[in-house]
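Examination of the molecular architecture
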Amino acid sequence: MGTTYRVAVVPGDGTGPEVTAQAERVLDVAAELGGFALDKQEFGFGGDYYLKTGETLPDSAIDELRQFQAILLGAIGHPDVKPGILEKGILLKARFELDQYVNLRPVKLYPGVATPLKDKGPEHVDFVVVRENTEGLYCGAGGFHKKGTPDEVAVQESINTRKGVERCLRFAFEYCQRRNQANKLTLCGKTNVLTFAFDLWERTFNEIGGDYPGVERDYAHVDATCMWMVKNPEWFDVIVTDNMFGDIITDLGAMIQGGMGIAAGGNINPAGVSMFEPIGGSAPKYTGQNIINPLAAICAGSMLLDHLGETQWATRIEDAVKWVTAEKLQSLAAGRMGYSTSEVGDLVIQHLRDHAG
Ligand code: IPM
Ligand code: MN
């Protein structure tokens, strides 16, 4: 018997539990075939739990989550909870407290998936965004002055530390090396206007770049990055950027890879516990209908296995997903796949079993 991995599962809200259930089934089959074990424990945090208890993610839960090797997250978001509470109280709290300082977002167009980009196919859309995940505008630094008066001032500051910037950049350089495709790392910033924050980013990028001689250094302003992602996505291999720009360009990335039905990401602490999630949200209107697309959650599961070192099974799940998009699904959209949520899980599992040799 191989290794046993302890995995915390937070199915969350809306359609989160449905897609997480399929990701878990796929992971269980991969473990069975691969001769490793997943010791999973479920946590009920999310909007419903908050409405019942008034708690988002208590400190005791953070301590418990530290005991796991990875976390699989469904979706957090509830129509009856004011925006900001669950985001800050659960998602951002986990990222900050567990020091998941990289948000890793592959932008990969799978075969058979429709992209809004004209004349682009899987050979053009295949890059990874390394987004800083614990600093920048997300720190919550700033405040109001004379709130509610005509003289009101609101300040929101972007915090960039040398340590935070450097560790994110080093992760990106190392990831780019390991990926070993074009070996090109693009720093996405705004050095022409944000002359303090991105000066630090650019200086650090160039200072440490010498430690990675095989990686070509490239730079693009964030606005230009958005243009090239649409016009020439094939120019990108790995993009590294700050928290806010990363948030924005990864939604653009999700759209060019076929939308929220397929986009997955990881919140990574290389020395701690990392958390993997479909990035599409809880899609509450589809809850309980068995029509939501589980592939993004299944791809998050594949990223989780890759992170744990079960790279072969991560790849096999990805291959199964590619087969499903290429040969089976009519569309990635909820209700239009030609299959139910659980049938899509069945298809991925069928391919895994058929190619287990
Ligand atoms: C994401 C989300 C979050 C973010 C929200 C829900 C706080 O948009 O993971 O990209 O802004 O980081
Ligand atoms: Mn986002």
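As the structure is a computational prediction, the values presented were derived from the model and not from experiment.

Each assigned domain of the chain is listed here: domain 1 (1-106 + 258-357) and domain 2 (115-257). Contact with domain 1, which involves 20 residues of that partner, is made by 21 residues of domain 2. Taking both partners together, domain 1 and domain 2 bury about 1800 Å²; carbon and sulfur atoms supply 58% of that area. Three residues stand out in domain 1 for area buried against domain 2, namely Phe96, Tyr101 and Arg105, and they jointly supply 33% of the buried area on that side. Across the domain 1-domain 2 interface, the total number found is one salt bridge. A salt bridge links Asp99 to Arg167; the nearest nitrogen and oxygen atoms lie 2.9 Å apart. Summed over the shared surface of domain 1 and domain 2, the result is 12 residue pairs in polar contact (both at pLDDT 80 or more). Listing elements by their share of the side of domain 1 that touches domain 2, those giving two or more residues are helix H4 (85-97), strand S4 (102-108) and strand S11 (264-268). Broken down by class, the residue content of the side of domain 1 that touches domain 2 amounts to 12 nonpolar, five polar and three charged.

So, on to the packing of helix H9 (residues 295-308) against helix H10 (residues 311-328). Between H9 and H10, the least distance of the axes is 7 Å, while the angle of their chain directions is 160 degrees. In this view, H9 runs roughly antiparallel relative to H10, as classed from their interaxial angle. Our pair here, H9 against H10, has a crossing hand that is left-handed. Facing Leu295, Ile298, Cys299, Ser302, Leu305 and Asp306 of H9, the residues of H10 in contact are Thr311, Trp313, Ala314, Ile317, Glu318, Val321, Val324 and Thr325. Of the residues in the contact of H9 with H10, the class split is nine nonpolar, three polar and two charged.

Overall, the coordinates contain 21 salt bridges when judged by the stated rule. One salt bridge in this structure joins Arg203 and Asp199, with 2.8 Å as the shortest N-O distance. Residue Arg203 and its partner Asp199 are located together in helix H6 (residues 197-209), separated by four residues, close to a single helical turn. Assessed through its relative accessible area of 42%, Arg203 is described here as partly exposed. Looking at Asp199, the relative accessible area reads 33%, which means it is partly exposed. When salt bridges that share partners are traced, they join Arg162, Glu166, Arg170, Glu207 and Asp211 into one network.

Moving on to the side chain of Asn243. Residue placement: Asn243 occurs in helix H8 (residues 243-256). Look at Asn243 and you get buried, because its relative accessible area is 0%. Excluding anything up to four places from it in sequence, Asn243 contacts Arg131, Glu132, Asn133, Thr134, Glu135 and Tyr138.

The next point concerns the packing of aromatic side chains. All told, the structure shown has 11 aromatic pairs when counted by the stated rule. Between the aromatic rings of Phe171 and Tyr175, the centroid separation amounts to 6.1 Å while the plane-to-plane angle is 15 degrees, which identifies the pairing as stacked. Pair noted here: Phe171 and Tyr175 are both in helix H5 (residues 162-179), with a separation of four residues, about one helical turn. Phe171 sits in the buried class, given a relative accessible area of 12%. Seen from their ring centres, Phe173 and Tyr212 are 4.7 Å apart, and the 5 degrees between their planes marks the pair as stacked.

Across the sheet, which stays open at both edges, the 10 strands sit in the order S2-S1-S3-S12-S11-S4-S5-S10-S8-S9 with mixed pairing between neighbours. Each edge of the sheet is formed by a strand with only one pairing partner; in this case those strands are strand S2 (37-42) and strand S9 (216-221). Across the sheet, the axes of successive neighbouring strands diverge by a mean angle of 25 degrees, strand direction being ignored. Across five bridges, strand S1 (residues 4-12) lies against strand S3 (residues 70-75) in parallel orientation. Note that in S3 the partner of Val7 across the bridge is Ala70. Contacts from H4 reach S3, S4, strand S5 (126-132), S11 and strand S12 (274-278) within the one sheet, and its direction differs from that of S12 by about 145 degrees. Against the sheet, H8 makes contact with S4, S5, strand S8 (184-189) and strand S10 (238-241), and its axis sits at roughly 155 degrees relative to S5, the strand it touches most.

For H9, built from 14 residues, the straight-helix expectation of 20 Å at 1.5 Å per residue is met to within 8% by its first-to-last C-alpha distance of 20 Å. Burial of H9 is extensive: 12 of the 14 residues sit out of reach of the surface. Among the residues of H9, Leu295, Ala296, Ala297, Ile298, Cys299, Ala300, Gly301, Ser302, Met303, Leu304, Leu305 and Leu308 are the ones counted as buried. Of the residues flanking the end of H9, it is Gly309, one or two places downstream, whose phi is positive at about 100 degrees.

Before going further, it helps to examine the site of ligand 1. Around ligand 1 sit Glu87, Leu91, Arg95, Arg131, Tyr138 and Asp247, and that is every residue in its neighbourhood. Arg95 has a polar side-chain atom sitting 2.6 Å from an oxygen atom of ligand 1. One nitrogen or oxygen atom from the side chain of Asp247 is found 2.9 Å from an oxygen atom belonging to ligand 1. In the complex, 70% of the free accessible area of ligand 1, which totals 320 Å², lies under the protein chains. Element by element, the count of residues in the shell around ligand 1 is highest for H4, at three residues. Here the shell around ligand 1 gathers at least three residues from each of two domains, domain 1 (1-106 + 258-357) and domain 2 (115-257).

What counts, and at which threshold
- Residues numbered from 1 in each chain as written.
- Chains lettered and ligands numbered in written order.
- Predicted model: local features only at pLDDT ≥ 70, side-chain atom pairs only at ≥ 80, totals over all residues.
- Heavy atoms only, no water.
- Domains from an automatic or database assignment.
- Contact = heavy atoms within 4.5 Å.
- Buried area = accessible area lost by both parts, 1.4 Å probe.
- Salt bridge = Lys/Arg side-chain N within 4 Å of Asp/Glu carboxyl O.
- Polar contact = N/O pair within 3.5 Å; in protein donor to acceptor, adjacent residues only side chain to side chain.
- Helix = DSSP H or I, 4+ residues; strand = E, 2+ residues; numbered from the N terminus.
- Nonpolar A, V, L, I, M, F, W, Y, C, P; charged D, E, K, R; others polar.
- Axes fitted to C-alpha atoms, helices over the stretch in contact; angles between N-to-C directions.
- Parallel < 35°, antiparallel > 145°, perpendicular 65-115°, else oblique.
- Left-handed = near helix turned anticlockwise from the far one by under 90°.
- Buried < 20%, exposed > 50% of the residue type's maximum accessible area, 1.4 Å probe, protein only.
- Phe/Tyr/Trp six-rings, centres within 6.5 Å; stacked < 30°, edge-to-face > 60°.
- Pairing = 2+ DSSP bridges.
- Expected span 1.5 Å × (residues − 1).
- Near = heavy atom within 4 Å.
- Areas by Shrake-Rupley, 256 points an atom, 1.4 Å probe, with all protein chains shown as cover.

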